[in-house]
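Single-letter residue listing:
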Amino acid sequence: MGFRRLDIDYQEITCCPLCGQDGAERSVLRRPSYYFARFEIPLPRTGVALLECPHCSLLFKSATPTAQSCDAVMLNGATDVWRPKTGEHPALPMMRPYMEGAESFLDIGASNGDLLAQIGARRLSAMDIVQYAPCKAVIDGRGEYIIGQLEKGVTWSNQPYDVVTAFDVFEHFLEADSAVSNVLAFVKSGGYLVIETGDWRTVPDPGSWYYTNLFEHQIFWTRRTFEYLQERFPLAITQYSLVNHKGRRAMGLAKRIALSAIVRLAPNPLFRKAMLNAGRDPGHFGAPGLVDHAFVVLKRLEAGSEAIQGRTAMAAAVATGDL
Ligand SMILES: [Zn+2]
């Protein structure tokens, strides 16, 4: 076990990847290296600051891996970190109200297809960065397997879905605006987009949050950022709830106790070294009761709906100087 050192290229980011405004520093990462799958990846020499956008409140890293180095690491390591889970999928109870009558369903970031295997929709599809046999087996004959990067746009059926889920996806975007707009294209008008991602305003110092210390997490959302999406795209926030991460919600007692111990011992250098030798970074774990995620449901508005008409009228009034 142990990690193999991997030096990668970073790019400097100064403007918000969602709305383009200049960010202001809120905190910094204090670790010398990231750990992902089997790799130890040094941070850039100039360090990584966490910048807040003054307009949409997105928090973003001042340096991110280039798209090319990000792809190289993720494509190598992604399936290593996908571990199969048993029992009812922890996201299902909160999704049920939005699943009534849904005939078509797409899971973005489907990994091994755990969630899809528990959905009864007639048309069942998956999207991910790489194909994975267990997921392919779940959707075979029922839908499409979309492979690619959301930022770049992907080839797909162009037949949108009643419900689209994106759990643990929105924090990965390098180019957030194009990624979100490509995600929305998957949702039928009147359909739902269900998201779970970290909410950075739930923690006292985002620099010491395990979640920002992950190599694969580039941006961090909060309620205000989703409100900005409402202004930018034809959609409405239907639900915004702060939750424990779905993986931790479903955890048994023995695992909760072990996790508490890891979080408590993580600052101890000897413990840290022993964990790293065993192939895990103790800084990657959140305490079992930590409520640091948002469960968000966005409804894609139908063309001609009152909300859209109101918005168009307002935009016209602004353009003509009436407002
Ligand atoms: Zn912004």
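The structure presented is a predicted model; accordingly, all values stated were derived computationally and were not measured. (Residues numbered from 1 in each chain as written. Predicted model: local features only at pLDDT ≥ 70, side-chain atom pairs only at ≥ 80, totals over all residues.)

A word on the sheet that holds strand 14 (residues 219-220). An order of 3-6-7-14 is seen for the 4 strands of this open sheet, with the pairing classed as antiparallel. Among the strands making up the open sheet, the edge pair consists of strand 3 (24-28) and strand 14. Where strand 3 meets strand 6 (residues 49-52), 4 bridges bridge the pair, whose relative direction is antiparallel. Among the inter-strand pairings, Ala24 is bridged to a residue of strand 6, identified as Glu52. (Pairing = 2+ DSSP bridges. Helix = DSSP H or I, 4+ residues; strand = E, 2+ residues; numbered from the N terminus.)

Right, let's talk about the pairing of strand 10 (residues 123-128) for a bit. A regular strand places its side chains on the two faces of the sheet in alternate fashion. Extensive coverage of strand 10 is indicated by the burial of 5 of its 6 residues. Pairing between strand 9 (residues 104-108) and strand 10: 5 bridges, direction parallel. Within strand 10, the residue paired with Asp107 across the bridge is Ala126. Sheet topology note: the strand 10/strand 11 (residues 145-147) ladder contains 3 bridges and is parallel. Paired with Asp128 across the two strands is Ile147, which belongs to strand 11. (Buried ≥ 20, exposed ≤ 12 C-beta atoms within 10 Å, placed from the backbone.)

The buried count for strand 16 (residues 293-300) comes to 8 of 8 residues, which makes it a mostly enclosed element. Across the two faces of strand 16 the burial is the same, with His293, Phe295, Val297 and Lys299 and Ala294, Val296, Leu298 and Arg300 all buried. Here 7 bridges tie strand 13 (residues 187-198) to strand 16, and the two strands are oriented antiparallel to one another. Across the sheet, residue Tyr192 finds its bridge partner in strand 16, namely Lys299. When strand 15 (residues 235-243) meets strand 16, the two strands line up antiparallel, connected through 8 bridges. The residue bridging Leu242 from the neighbouring strand is Ala294, located in strand 16.

Looking now at the sheet that holds strand 11. Taking strand neighbours across the sheet as the criterion, the 7 strands line up as 11-10-9-12-13-16-15 in an open arrangement whose pairing is mixed. Strand pairing shows two members of the sheet lacking a second neighbour, strand 11 and strand 15, which therefore form its edges. Taken pair by pair, the neighbouring strands of this sheet meet at an average axis angle of 15°, ignoring direction. Where strand 12 (residues 161-167) lies against strand 13, 6 bridges are found, and the strand directions are parallel. For Ala166, the partnering residue across the bridge sits in strand 13 and is Ile195. Helix-sheet contacts for helix 2 (residues 92-99) involve strand 12, strand 13 and strand 16, and the interaxial angle to strand 13 is about 165°. With respect to the sheet, helix 5 (residues 223-232) is in contact with strand 15 and strand 16, its orientation differing from that of strand 15 by roughly 170°. (Axes fitted to C-alpha atoms, helices over the stretch in contact; angles between N-to-C directions. Contact = placed C-beta atoms within 7 Å.)

All right, on to the nonpolar core then. The biggest cluster of nonpolar side chains holds 62 residues, and the ones touching the most others in it are Leu58, Val164, Ala166, Val183 and Leu193. Counting residues domain by domain, this core receives three or more from each of domain 1 (4-80) and domain 2 (83-320). If you look at the next biggest cluster of nonpolar residues, it comprises 5 residues, including Tyr35, Phe36, Ile41 and Phe215. (Core = buried A, V, L, I, M, F, W, Y, C linked by C-beta atoms within 7 Å. Domains from an automatic or database assignment.)

What follows covers the domain arrangement of the protein chain. When the parts of a complex come together, some accessible area is lost, and that lost area is often taken as the interface size. Along its sequence, the protein chain is organised into domain 1 (4-80) and domain 2 (83-320). Using C-alpha coordinates to define each centre, domain 1 is positioned 19 Å away from domain 2. Each partner contributes residues to the interface: domain 1 has 28 residues there, and domain 2 has 26 residues. Looking at the side of domain 1 that touches domain 2, the elements with two or more residues in it are strand 3, strand 4 (33-36), strand 7 (59-61) and helix 1 (67-81). Among the elements that make up the side of domain 1 that touches domain 2, the one with the highest residue count is helix 1 (7 residues). For the side of domain 1 that touches domain 2, the class distribution of residues is 20 nonpolar, 4 polar and 4 charged. (Nonpolar A, V, L, I, M, F, W, Y, C, P; charged D, E, K, R; others polar.)

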